[in-house]
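Report on the structure
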Amino acid sequence: MAGWHPGSWRSKTALQQVEYPDPAALQAVLNELTVLPPLVTALEVDTLREQLAEAACGRRFLLQGGDCAERFEDCREDVIKNRLKVLLQMSVVLVYGLQMPVVRIGRFAGQYAKPRSRPAECRGGVTLPSYRGDSINGQAFTAEARTPDPRRLITAYRCSAIILNLVRALGEGGFADLHNVDYWNLDFAGHSSFYGEYRAIITRMRDALRFAETVSGQPVGGLRRVDFFTCHEALYLPYEEAMTRPSKYREGMYNLSTHFPWIGRRTLQLEGAHAEYMRGICNPVGMKVGPDLSPAELRGLVHHLNPNKTPGRLTLITRLGVNNIERMLPPIVDAVRATGHQVLWCCDPMHGNTERTKDGYKTRRFDNILGELALAFDIHASMGITLGGVHFELAGEDVTECIGGASGINEADLRRAYHTSVDPRLNASQSLEMALRIVSKYKQMQ
């Protein structure tokens, strides 16, 4: 990586960054972060890269999901457990239906910064900086809350550490064991019409486990633990730089704030600072591919971010919208195929299908989300490649932020439990239904 070091991005144009009123205070916080322990390990990162390489070849399937923007106040046991329950329920459906292992990557333990379309917000003649996520400023519309505070980066680090600690304990300690599947129940999800289908899958899996254990005379190994990896958008580069460390086990530098950082649509420029930072770290990386990315720039980014064609290194997360995907995805696939790179193709059917209701609520329609996903499966298959993953914004609570699904949420229901700080999320019932629909679509294609 000629000319690269963790701070080489500073010579490039860095979009969506933050101006702090006290640069010295910011530097003191960044100095503090550089000596705090890493949140993940290089060995974990390498394991994920190997699994993503298998997903790119069709031997695993990626399930990426979690909050649009984490909040410090949600660093609580119930919120964390509910989020894991949803991902576990979805993944067990996918494992059973797709007949392959699932890679679970949570949008948590670091998703505290968000890009914004406008740097400022105006209400009632008062203009203040936009809310950019809890790691930067507060959501309340006051001058005090909206002023960027560097100490929030330390709070983000600590909340991430707390969440990771609990996630690892639950993943290792039997919470995710298929024998304990009743621990994953979310009472409000049980009223949905499709929930019986999920319970039938669980019953069939339990029967198969009992049979195998009866024949062998011992428990089936490897079921007491699962791997949960983390991801976040690598948006605020000074924080990412402070968490970039050398590995004791292999040559290179790792971002040890997360297993899987990605570049969002608003900061995805070939000559930009985010691409410069990401090209040098050893983590597997993702990039969001939207309608405004040209095939030529996409080819350049693929070469730039993975010059050695390392398997599992690069995941392309397409977010095109149900009305654009049939027209725009084939040229994107052709552009990447022309590079000779094997990438993991992942569909984000959420971000391209955002709209506002007449009452001003930002929402997404279940049918549009499902429609884009179904078309993504069809288009990839018709072009002889594998759609290897899905990317959702979801919550473990009974929120009413997305319209539709078997639960029948309509526009009037949005005000009942609209809790998101930025983007609308699927609730637990909608998320589980989406997993069942993915399996149904997959089986139709066989």
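To be clear, the structure that these remarks concern was listed above.
Presented here is a report on the structure given in the accompanying data block. (Residues numbered from 1 in each chain as written. Predicted model: local features only at pLDDT ≥ 70, side-chain atom pairs only at ≥ 80, totals over all residues. Heavy atoms only, no water.)

Some details on unusual backbone geometry
The phi torsion at Gln16 lies on the positive side, around 60°, for a residue other than glycine. Of note, Gln16 is situated in the segment before helix 1 (23-35). Residues other than glycine seldom take positive phi values, yet Gln99 does so here, at roughly 60°. By the element assignment, Gln99 lies in the loop between helix 3 (77-98) and strand 2 (102-107). Overall, the relative accessible area of 62% leaves Gln99 in the exposed class. (Helix = DSSP H or I, 4+ residues; strand = E, 2+ residues; numbered from the N terminus. Buried < 20%, exposed > 50% of the residue type's maximum accessible area, 1.4 Å probe, protein only.)

Comments concerning helix 11 (residues 366-382)
Taking 1.5 Å of rise per residue, 17 residues should cover 24 Å, and helix 11 covers 24 Å from first to last C-alpha, within 8% of that figure. Within helix 11, the full set of buried residues consists of Phe366, Ile369, Leu370, Gly371, Glu372, Leu373, Ala376, Phe377, Ile379 and His380. A positive backbone phi angle near 75° is found at Gly384, which sits one or two residues after helix 11. (Expected span 1.5 Å × (residues − 1).)

Some remarks on the packing of helix 3 against helix 5 (residues 151-172)
Where helix 3 contacts helix 5, the two axes come as close as 11 Å, and the packing angle between them is 50°. In this view, helix 3 runs oblique relative to helix 5, as classed from their interaxial angle. In this structure, helix 3 crosses over helix 5, and the sense of that crossing is right-handed. Here helix 3 contributes Glu77, Ile80, Lys81 and Leu84 to the contact with helix 5, which in turn contributes Ile163, Leu166, Val167 and Leu170. Counted by class, the contact of helix 3 with helix 5 contains 6 nonpolar, no polar and 2 charged residues. (Axes fitted to C-alpha atoms, helices over the stretch in contact; angles between N-to-C directions. Parallel < 35°, antiparallel > 145°, perpendicular 65-115°, else oblique. Left-handed = near helix turned anticlockwise from the far one by under 90°. Contact = heavy atoms within 4.5 Å. Nonpolar A, V, L, I, M, F, W, Y, C, P; charged D, E, K, R; others polar.)

Observations regarding the sheet that holds strand 9 (residues 285-289)
Spatially, 1-2-5-8-9-10-11-14 is the arrangement adopted by the 8 strands of the closed barrel, whose pairing is parallel. With direction set aside, neighbouring strand axes in the sheet form an average angle of 25°. In terms of strand pairing, strand 1 (residues 61-66) meets strand 14 (residues 387-393) through 5 bridges, oriented parallel. From the neighbouring strand, Gly65 faces strand 14, where its bridge partner is Phe392. Contacting strand 1, strand 2, strand 5 (229-233), strand 8 (260-263), strand 10 (314-318), strand 11 (344-347) and strand 14, helix 2 (residues 42-56) crosses the sheet at an angle of about 125° to strand 2. Taken strand by strand, helix 3 contacts strand 1, strand 2 and strand 14, and its axis lies near 160° from that of strand 1. (Pairing = 2+ DSSP bridges.)

Thoughts on the pairing of strand 2
The buried count for strand 2 comes to 6 of 6 residues, which makes it a mostly enclosed element. Burial along strand 2 is two-sided: Val102, Arg104 and Gly106 facing one way and Val103, Ile105 and Arg107 facing the other are all buried. Relative to strand 2, strand 1 is paired through 6 bridges, and the arrangement is parallel. Its bridge partner lying in strand 2, Gln64 is registered against Ile105. Chirality of the crossover, the property in question, places the unit of strand 1, helix 3 and strand 2 among those that are right-handed. Here 2 bridges tie strand 2 to strand 5, and the two strands are oriented parallel to one another. Counterpart to Gly106 in the pairing with strand 5 is Thr230. (Right-handed = clockwise from strand over helix to strand, strands pointing away.)

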